[in-house]
Amino acid sequence: MPLIAYSGGKIFYTLSPCLHRCAAKSTWHPNLMKPTDISNPDYFHKVVDCQWACPAHTPVPEYIRLIAEKRYTDAYMINWESNVFPGILGRTCDRPCEPACRRGRVEEQPVAICRLKRVAADYKSDIKDRLPGVPKRKNGRHIALVGAGPASLTVARDLLPLGYEITVFDRDAAAGGAMRTQIPRFRLPAEVLEEELNYVLHMGVKRRFGTEITSMKELLAEDFDAVFVGTGAPLGKTLDLPGFAEAKPNIHTGIEWLANVAFEHIDSIGETVIVLGGGNTAMDCCRSSKRLGGEDVKVVVRSGFDEMKASPWEIEDAMNEDIPILNFCVPKRYLLKDGKLCGMEFEKVRREYDGNGRRLLIPTGEEPLVLPCDDVLCAIGQDNAFPWIERDLGIEFDRWELPVLDKTTFQSTHEKVFFGGDAALGPDNIITAVAHGHAAALSIHLLCEGRDVKDRPADLTTLASQKMGIHQWSYDNDISNDVRYVVPHAAKEKTLNDINIEVELGFDEDLGYAETQRCLNCDVQTVFTTRSCIECDACVDICPTDCITFTANGEEGELRQRLLAPAENGEQDLYVSDTLGTGRIMAKNEDLCLHCGLCAERCPTAAWDMQKYLFNTAKAVNA
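Being a predicted model, the structure only gives us computed values, none of them experimental. (Residues numbered from 1 in each chain as written. Predicted model: local features only at pLDDT ≥ 70, side-chain atom pairs only at ≥ 80, totals over all residues. Heavy atoms only, no water.)

Engineer: Pulling in residues and values, what's your account of the overall build of the protein chain?
Structural biologist: Counting its regular elements, the protein chain contains 23 helices and 24 strands. Expected size for 623 residues packed as a compact globule is a radius of gyration near 25 Å; at 28 Å, the protein chain falls within 12% of this value. In terms of overall dimensions, the protein chain has C-alpha extents of about 95 × 70 × 50 Å along its principal axes. Within the span of the protein chain, comprising 623 residues, buried residues form 55% of the whole. (Helix = DSSP H or I, 4+ residues; strand = E, 2+ residues; numbered from the N terminus. Rg over C-alpha atoms; globule rule 2.2 N^0.38 Å. Buried < 20%, exposed > 50% of the residue type's maximum accessible area, 1.4 Å probe, protein only.)

Next up, the structure:
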């Protein structure tokens, strides 16, 4: 006979005696789920999906709330601590946070996290008095940074306040690395780039720009305490097909061509242009060509449209500028007229998969596609190049010529040499390079302190109740029903005639505020106290997503299917309580929770509380 419990005359729970006995012993049975350990820093961190997905783990909801309060400078500094280049990244980030955004659980479009970062940068006040102080008396340690890109400058930003002397080498005459050479000014204005680079450079970096390092052995002989290599992946690939030798003067490597445009060595291109490749570099090449005289610019890709590596918004911007993208076309040869490039021939293919699921490109048998052109830009990939690192120094490389590294410490097989950014693990993005820089700076600091680089300090976390009364909170938990706001763009007729005019105008303050209201405050966690719960099911009744279930314990896979709303996403944990008075447990599907706080507002015993979880990665200053 089932056990029955009542509340106000309402039956709210039935459980057979055998299940009751099993549930009552849930903490002892090896196959049943154990209570969730919310003291584990990764548990609530993973629930803040946007921050978890960000390589630098920027506290996204925290700075979005500050933007909503018009505390733009505070929001900017939270970003600066984590990602170092908020204004740059607010325009150019690959946005790994946005596909992870919890808003995508309830509607199609995530919060415009990246563009809100730009709002903080655009409307902040002067931050110079908020930058960390750099001691005049140094600690006697001198670090060499090879390359002045985002990874190296992050290392400098972390180590300079600790008294390190920092010397940055770069073959170019100015800092920035790929941020300067591979991102066109219509996406990243020069004044934004210079401002954020100078925040770091003006902290006391010794600059040896216009200096190309040709020997690691000679660099190590200068007696630096550590060397960080952040040279990026500087070699672009070309496509050597029949006709290449004759057509070579009009065949350009994408990243090198963009760098020459950035440094104003190139200011024109032919009227008819073919861009080979489907990544972000290809999108920058075709859009730049359109501004430098290209009347007929086409992008040609071997793969399908859905397989292109470029960010969807970069593809959209190119198409909005009337640049066609031709898919499933494999380049076969360069066409010549009077010994000069006049076009390219492509084989049309279709996509199939073999028995192992590998993609195959099968010729369709159609007539070749012939496209006329004056110039070809090859944006088909990048390679690392370390000819300047002698192979007898103890620095090992793998079969792809990438350094063998500890992927936590970024230390190479030579104790004093560290790598980061594209130079470490191959081409990626700016925010990943920043994350590498933070990790490497911590390792360098531990090394110079004579400590084990693998014995790293714990990340910094806080968990604080947001109560301002029994059922009132210190944050705005009202959920906006608005769909994602569109970022305004400058008129195409204007931007296509000047390569230095920024296309995206960014949110103004009103649009920025409206977009902040779409954030679900995922860092304000629903924290459950087992001993306070009377199992009245009020939280179950009020929950808009059915993410809370009171039930018998069980094995995780079986329990996930038994919840009111089955927990299909295995990457998100279940929040499981200790055994309750009736022998049941509370199981919450974290994947569906909107952090609306209705459970805590409805709970008569305050068993549920809304507590803000703040996670910051450990950095050199915390070691």
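Now, onward.
Engineer: So what's going on with the environment of Asn 260? Residues and values would help.
Structural biologist: For Asn 260, the position within the fold is in helix H14 (residues 254-262). Since its relative accessible area comes to 29%, Asn 260 is described here as partly exposed. Separated by 79 residues in the primary sequence, Asn 260 and Thr 181 have C-alpha atoms spaced 7.7 Å apart. In contact with Asn 260, other than residues within four places in its own chain, are His 265 and Ile 266. (Contact = heavy atoms within 4.5 Å.)

Engineer: Quick one: what's the story with the packing of helix H8 (residues 113-123) against helix H20 (residues 509-516), residue by residue and with numbers?
Structural biologist: Where H8 contacts H20, the two axes come as close as 10 Å, and the packing angle between them is 140 degrees. Taken together, the axes of H8 and H20 are oblique relative to one another. Considering how the two elements wind past one another, H8 and H20 form a crossing that is left-handed. Of the residues in H20, those in contact with Leu 116, Val 119 and Tyr 123 of H8 are Glu 509, Gly 512, Glu 515 and Thr 516. Across the contact of H8 with H20, the residue classes break down as 3 nonpolar, 2 polar and 2 charged. (Axes fitted to C-alpha atoms, helices over the stretch in contact; angles between N-to-C directions. Parallel < 35°, antiparallel > 145°, perpendicular 65-115°, else oblique. Left-handed = near helix turned anticlockwise from the far one by under 90°. Nonpolar A, V, L, I, M, F, W, Y, C, P; charged D, E, K, R; others polar.)

Engineer: Any chance you could break down the pairing of strand S24 (residues 608-616) for me, citing the residues and the numbers?
Structural biologist: Strand direction decides the pairing type here: strand S19 (residues 460-465) and S24, joined by 6 bridges, are antiparallel. Each residue of the ladder has a partner; that of Ala 464, found in S24, is Lys 612. When strand S20 (residues 524-528) meets S24, the two strands line up antiparallel, connected through 5 bridges. Along S24, the bridge assignment pairs Val 527 with Asp 609. (Pairing = 2+ DSSP bridges.)

Engineer: I'd love a proper account of the environment of Pro 35, names of residues and values included.
Structural biologist: Within the secondary structure, Pro 35 sits in the loop between helix H1 (17-24) and helix H2 (41-47). When its relative accessible area of 34% is taken as the criterion, Pro 35 is described as partly exposed. With 128 residues separating them along the chain, Pro 35 and Gly 163 place their C-alpha atoms 45 Å apart. Not counting chain neighbours up to four residues away, the residues in contact with Pro 35 comprise Val 576, Ser 577 and Asp 578.

Engineer: Could you give an account of the pattern of salt bridges, naming the residues involved and the relevant values?
Structural biologist: Evaluation of the coordinates by the stated rule reveals 53 salt bridges. Of the charged contacts in the structure, one is a salt bridge between Glu 62 and Arg 65, with a shortest N-O distance of 2.9 Å. Of the two residues, Glu 62 and Arg 65 both sit in helix H4 (residues 60-68), 3 residues apart, roughly one turn of that helix. A salt bridge links Glu 321 to Arg 287; its shortest N-O distance comes to 3.0 Å. With Glu 321 in the loop between helix H16 (312-320) and strand S11 (325-326) and Arg 287 in helix H15 (residues 280-291), the pair connects residues that are 34 residues apart, well separated along the chain. The buried category is assigned to Arg 287, whose relative accessible area is 2%. The structure contains a network of salt bridges with shared partners spanning Asp 49, Arg 102, Arg 105 and Asp 591. (Salt bridge = Lys/Arg side-chain N within 4 Å of Asp/Glu carboxyl O.)

Engineer: Can you lay out the side chain of Thr 617 for me, pointing to particular residues and giving the numbers?
Structural biologist: With respect to the helices, strands and loops of the structure, Thr 617 is situated in the segment after S24. Among the polar contacts made by the side chain of Thr 617, one reaches the side chain of Lys 619 at a distance of 3.0 Å. Excluding anything up to four places from it in sequence, Thr 617 contacts Ala 56, His 57, Asp 459 and Asn 622. (Polar contact = N/O pair within 3.5 Å; in protein donor to acceptor, adjacent residues only side chain to side chain.)

Engineer: Describe the nonpolar core, naming the residues involved and giving the relevant values.
Structural biologist: Core analysis: the biggest nonpolar cluster contains 97 residues, and Met 216 and Phe 419 have the highest contact counts within it. With 12 residues, helix H18 (residues 430-448) is the single largest residue contributor to this core. Each of domain 2 (49-129 + 480-516) and domain 3 (131-234 + 384-448) gives at least three residues to this core. Grouped together as the second largest cluster of nonpolar side chains are 27 residues, Tyr 43, Cys 533, Ile 548 and Phe 615 included. (Core = buried A, V, L, I, M, F, W, Y, C linked by side-chain atoms within 4.5 Å. Domains from an automatic or database assignment.)

Engineer: Let's hear about the domain arrangement of the protein chain: which residues, and what values?
Structural biologist: The domain boundaries assigned to the protein chain delineate domain 1 (19-42 + 521-622), domain 2 (49-129 + 480-516), domain 3 (131-234 + 384-448) and domain 4 (236-381). For domain 2 and domain 4, the distance between their C-alpha centres works out to 31 Å. Contacts between domain 2 and domain 4 engage 11 residues on the former and 13 residues on the latter. Carbon and sulfur atoms supply 52% of the area buried between domain 2 and domain 4, which totals about 960 Å² over both sides. Sorting the residues of domain 2 by area buried against domain 4 places Lys 492, Leu 496 and Ile 499 first, and these three jointly supply 53% of that buried surface. The interface formed by domain 2 and domain 4 includes 1 salt bridge. Of the charged contacts, one joins Lys 492 and Asp 322 as a salt bridge, the two residues approaching to 3.0 Å between their closest N and O atoms. Linking domain 2 to domain 4 there are 3 residue pairs in polar contact (both at pLDDT 80 or more). The residue inventory of the side of domain 2 that touches domain 4, partitioned by class, reads 4 nonpolar, 2 polar and 5 charged. (Buried area = accessible area lost by both parts, 1.4 Å probe.)

Engineer: Explain the sheet that holds S19 to me, and be specific about the residues and the numbers.
Structural biologist: One open sheet accounts for 3 strands, arranged S19-S24-S20; its pairing is antiparallel. Each of the sheet's edge strands pairs with one partner strand only, and the pair in question is S19 and S20. Averaged over neighbouring strand pairs, the angle between their axes works out to 35 degrees when direction is ignored.

Engineer: I'd like a description of the pairing of strand S15 (residues 369-372), backed by residues and values.
Structural biologist: Burial along S15 is one-sided: the face carrying Leu 369 and Leu 371 is buried and the face carrying Val 370 and Pro 372 is not. As defined by bridge partners, strand S13 (residues 340-353) adjoins S15 across 4 bridges and the pair is classed as antiparallel. Bridge pairing in S15 places Met 344 opposite Leu 371.

Engineer: So what about H15? Which residues, and what values?
Structural biologist: If you check H15, its first and last C-alpha atoms are 17 Å apart, about what 12 residues at 1.5 Å a residue would give, namely 16 Å. For H15, the complete set of buried residues consists of Thr 281, Ala 282, Met 283, Asp 284, Cys 285, Cys 286, Arg 287, Ser 288, Ser 289, Lys 290 and Arg 291. At the exit of H15 stands Gly 293, carrying a positive phi of roughly 115 degrees. (Expected span 1.5 Å × (residues − 1).)

Engineer: Run through the sheet that holds strand S22 (residues 574-576), naming residues and quoting values.
Structural biologist: The 3 strands are arranged S21-S23-S22 in an open sheet whose pairing can be described as antiparallel. Unpaired on one side and paired on the other, strand S21 (548-551) and S22 mark the two borders of the sheet. Direction aside, the axes of adjacent strands within the sheet are offset by 25 degrees on average. As defined by bridge partners, S22 adjoins strand S23 (residues 585-589) across 3 bridges and the pair is classed as antiparallel.

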